[in-house]
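# Results of the structural survey
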Amino acid sequence: MTTASRESELLASVPTGLLIGGDWRAATSGATFDVEDPATGKVLVSIADAGPEDSLAALDAAAAAQAPWAAVAPRERGEILRRAFELVTARAEDFALLMTLEMGKPLAEARGEVAYGAEFLRWFSEEAVRASGRYSVSPDGKSRLLVQKKPVGPCLLITPWNFPLAMATRKIAPAVAAGCTMVLKPARLTPLTSQLFAQVMQEAGLPPGVLNVVPSTRAGATTGPLIKDSRLRKLSFTGSTEVGRRLLSDAAETVLRTSMELGGNAPFVVFDDADIDAAVEGAMLAKLRNMGEACTAANRFIVQDSVADEFTEKFAARMASMTTARGTEPGSTVGPLIDAKSRDKVHSLVTDAVSAGATVVTGGTTVDGPGYFYAPTILAGVTEGSPILSEEIFGPVAPIVTFSTEEEAVRLANNTEYGLAAYVFTKDLDRGLRMGEKLETGMLGLNAGVISNAAAPFGGVKQSGLGREGGAEGIEEYLSTQYIGIAVPAGA
C-alpha cells in the first residue's frame, strides 16, 4: 500500500460526526469545518461543527448518564480503561500517523506521544480502585467520622491542539476512573485524534453518554452555555492563560470547580559545573519536542557566562543538523508549526530580538515551500526585557542570556508571570535542590530535558494554572469529599 493510500484509508476510518449519547450524528445546523495538514495546507477531511444546541444535547446525555455511571464498580471502570490502553497500543501506528497529519509532528515523535498518552489510561485504570476515604473516632470520643470520595459529576474538558492524544487521555482517564461523565471539546485545529480515541473508548465498553465529543469552530458559543448550566460540575482546560482567565471568570458564576493548565515560560539554567554535552542533549529535548509547541518547552536559556560560548556552539551545531520536513518524510526531525499565524508570530519575536541587539547563531528564517515551517534557531546576546524572553514562543527558537551568580540565575528564571516548568543542569546536588526550593515552578527537571510522566503530578503555579493532572493527585481533581458525622449512642 502506498503512503497516500494508507493516509486516505486512515482518514476514511475516523468518525466525522458529533458523539452525543453514544451516537455519532451531524451538527443540528448541518455545519462542517475543514481540518488541514499544516505541512501542506491541504484539507484532510471535513467534520461536524457543533453549536450551542449540540453542546447542550451533549450535556443532557452526560447528566442522564451520571448517576448510573457513578454506580458502576471501580474495578469495572478500571477494566474499561485497561482495555482502552490495549486498543490504543494496538493501533499505535494509526494514532501516530493521524497526529502527524493533523498536527505536523514527525512520526517518531508522534509514536512517543501515543506511548505517553496511552500510559494515562493504564495509570488511571489502576487508580480507579484506590480512591479511598477514612473512618475514625472523633477526638472527644462522642462520634465517628466517616469521610468518603464521590464523583464530582458531569465535566467539560477542553483540550489544546499540540498534543491531541495525550491531552485527551490525561483528562478523560481520571474522569472515567472517578466515575464522572464528560463533554469533550477538542481543539478546532486537531480534532481528528480525539474523534478516533472516542471511537476506541466505545470499543472498550464505555457506556453511551459517559463521553460526548463536540468539535467546534465556535468555542465560546459552544462551551459558554455549558459553563452557565448548573448541571455541569467541573471544568478542565488546557490552553493559554488569556483564555484561562476568561473561563475562570465565567466559572465563578456557578462556583464551578476548575482545573487550569495554562501558559508557560520555562527557564533552562546551565551552571558552569554542568556536563555541557548532557546539557545540550537536554536542551534539544526541552526545546524541540513538538517543534517547541509545548507549554513545558524551554523558552529561555540562562547560561553561566564562563560556559556560555561552549554551550552555544554545541547547541547551535545540533540545532543546525535538524531536518525540517513534513512529519511523514523519512528523516524528518522538525515538522511544521500549526498554522501561518503561529509561524509569523515566531518570526516576529526573532526579528524584534535581533533589532534589539541579539545575534542569530543559526536559523532565524521561515522555510520556503508549502506548509508552515520555521528553521531551528538560536539567538545569542538577547537583551533582558526583550519580548522573546517574556512571551511564550511556541516554536523552535532558543534565546540565550548569561549570568554570573546563582542569585542572578534565580532572579532571571523567576522573572515571569508563569511558573509551569523549569530545567536546571548542575553536577552539584545541593545546588540542584536549592534551585528547586528557590524557583517558582510547579515542575523541575534536574539534569533532565523531559519530565512529563503519567505517574507524576503535572501542573504549575502563578499564572500557569490551578490543579494537577496525572499522578496520584490526578484523580482527586474529579472527586469531591463528603464527611458524615455518626452519633454514638449513649452508653455505647
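The structure we're discussing is the one just above.
Quick look at the structure, then.

Within the chain, Met291 stands out as a residue other than glycine whose phi angle is a positive 60°. Summarising the element assignment, Met291 is placed in the loop between helix H10 (276–288) and strand E13 (298–304). Met291 gets classed as buried once you look at its relative accessible area, which sits at 1%. Positive phi values are uncommon outside glycine, yet Lys462 reaches one of about 55°. Relative to the elements of secondary structure, Lys462 occurs in the loop between strand E18 (443–446) and strand E19 (465–466).

For the rest of this paragraph, the subject is the pattern of salt bridges. Oppositely charged side chains can pair when the atoms bearing their charge come close. Scanning the model with the defined rule gives 27 salt bridges in all. Between Lys234 and Glu477 there is a salt bridge whose closest N-O contact spans 3.4 Å. Here Lys234 is found in strand E10 (residues 234–238), whereas its partner Glu477 is found in the loop between helix H16 (471–474) and strand E20 (479–487), with 243 residues between them in sequence. Assigned by exposure class, Lys234 and Glu477 land together as buried. Residue Glu310 pairs with Lys314 through a salt bridge whose shortest N-O separation is 3.0 Å. Here Glu310 pairs with Lys314, and both are found in helix H11 (residues 308–320), just four residues apart, close to one helical turn. Classification of Glu310 by relative accessible area gives partly exposed; the value is 35%. Connected via shared salt-bridge partners are Asp273, Glu406, Arg431, Arg434 and Lys438.

The set of residues buried in helix H9 (residues 241–251) consists of Thr241, Gly244, Leu247 and Ala251. In an axial view of H9, the angular spread of the buried residues amounts to 115°, which keeps them on one side of the axis. Residues Glu242 and Ser249 are exposed on H9 and point more than 90 degrees away from its buried face. Against the buried residues of H9 lie strand E7 (155–158), helix H8 (219–228), E10 and strand E11 (257–261).

What follows is about empty space enclosed by the protein. Tallying each qualifying case throughout the model produces three cavities of 30 Å³ or more. A breakdown of the residues in the lining of the largest cavity according to their chemical character gives nine nonpolar, six polar and three charged. Roughly 50 Å³ of internal volume is contained in the second largest cavity. Contributing to the lining of the second largest cavity are Leu285, Ala286, Arg289, Thr296, Ala297, Tyr423, Gly449, Val450, Ile451 and Ser452. The residue inventory of the lining of the second largest cavity, partitioned by class, reads six nonpolar, three polar and one charged.

Quick look at the sheet that holds E18 now. In space, the seven strands of this open sheet follow the order E14-E15-E16-E13-E12-E17-E18, with mixed pairing throughout. At either margin of the open sheet sits one strand with a lone partner, and together these are strand E14 (359–362) and E18. Sheet twist, expressed as the average angle between the axes of neighbouring strands with direction ignored, equals 25°. The sheet strands contacting helix H12 (residues 340–355) are E14, strand E15 (377–380) and strand E16 (397–403), and the helix crosses E15 at an angle near 25°.

Looking now at the sheet that holds strand E5 (residues 134–137). The antiparallel open sheet is built from three strands, whose spatial order is E5-E6-E20. Sheet topology places E5 and E20 at the edges, where each strand pairs with a single neighbour. In this sheet, adjacent strand axes meet at a mean angle of 20° when their direction is disregarded.

A separate point is the packing of helix H3 (residues 74–90) against helix H7 (residues 192–203). In contact at an axis separation of 9 Å, H3 and H7 are set at 125° when each is read in the N-to-C sense. Considered as vectors, H3 and H7 are oriented oblique to each other. In terms of crossing hand, the pair formed by H3 and H7 is right-handed. Where H3 approaches H7, its residues Ile80, Leu81, Ala84, Leu87 and Val88 are matched on the opposing element by Phe197, Val200, Met201 and Glu203.

What follows covers the side chain of Ser386. Topologically, Ser386 is positioned in the loop between E15 and helix H13 (387–390). Classification of Ser386 as buried rests on a relative accessible area of 5%.

On to the side chain of Lys171. Along the polypeptide, Lys171 turns up in helix H6 (residues 166–178). In contact with Lys171, other than residues within four places in its own chain, are Leu157, Ile158, Thr159, Ser236, Phe237, Thr238, Glu469 and Tyr478.

Turning our attention to the layout of surface pockets. If a probe as big as a water molecule is rolled over the atoms, it shows which places are left empty. Counted as a void, the second largest pocket has a volume near 240 Å³. What lines the second largest pocket is a set of 13 residues, and nearest its centre among them are Glu109, Met284, Leu285, Leu288 and Thr333. Those elements giving two or more residues to the lining of the second largest pocket turn out to be helix H5 (107–127) and H10. At four residues, H10 tops the list of elements feeding residues into the lining of the second largest pocket. Class assignment for the residues of the lining of the second largest pocket results in seven nonpolar, two polar and four charged.

With that out of the way, let us pick up a nonpolar patch on the surface. A cluster of nonpolar side chains, Tyr135, Ile484 and Ile486, forms an exposed patch at the surface whose accessible area comes to about 270 Å². The residue Ile486 is located in strand E20 in this model. We classify Ile486 as partly exposed; its relative accessible area is 32%.

Cut-offs used in this document
Residues numbered from 1 in each chain as written. Predicted model: local features only at pLDDT ≥ 70, side-chain atom pairs only at ≥ 80, totals over all residues. Heavy atoms only, no water. Helix = DSSP H or I, 4+ residues; strand = E, 2+ residues; numbered from the N terminus. Buried < 20%, exposed > 50% of the residue type's maximum accessible area, 1.4 Å probe, protein only. Salt bridge = Lys/Arg side-chain N within 4 Å of Asp/Glu carboxyl O. Arc of directions from axis to C-beta. Contact = heavy atoms within 4.5 Å. 1 Å grid on protein atoms, 1.4 Å probe; cavity = no way out; pocket = protein on both sides within 12 Å on 5 of 7 lines; lining within 4 Å. Points joined across faces, edges and corners; volume = space filled by probe spheres on them. Nonpolar A, V, L, I, M, F, W, Y, C, P; charged D, E, K, R; others polar. Pairing = 2+ DSSP bridges. Axes fitted to C-alpha atoms, helices over the stretch in contact; angles between N-to-C directions. Parallel < 35°, antiparallel > 145°, perpendicular 65-115°, else oblique. Left-handed = near helix turned anticlockwise from the far one by under 90°. Patch = residues over 30% accessible without salt bridge, like charges linked within 9 Å, V, L, I, M, F, W, Y side chains within 5 Å. Areas by Shrake-Rupley, 256 points an atom, 1.4 Å probe, with all protein chains shown as cover.

In short, geometric facts, not functional conclusions.
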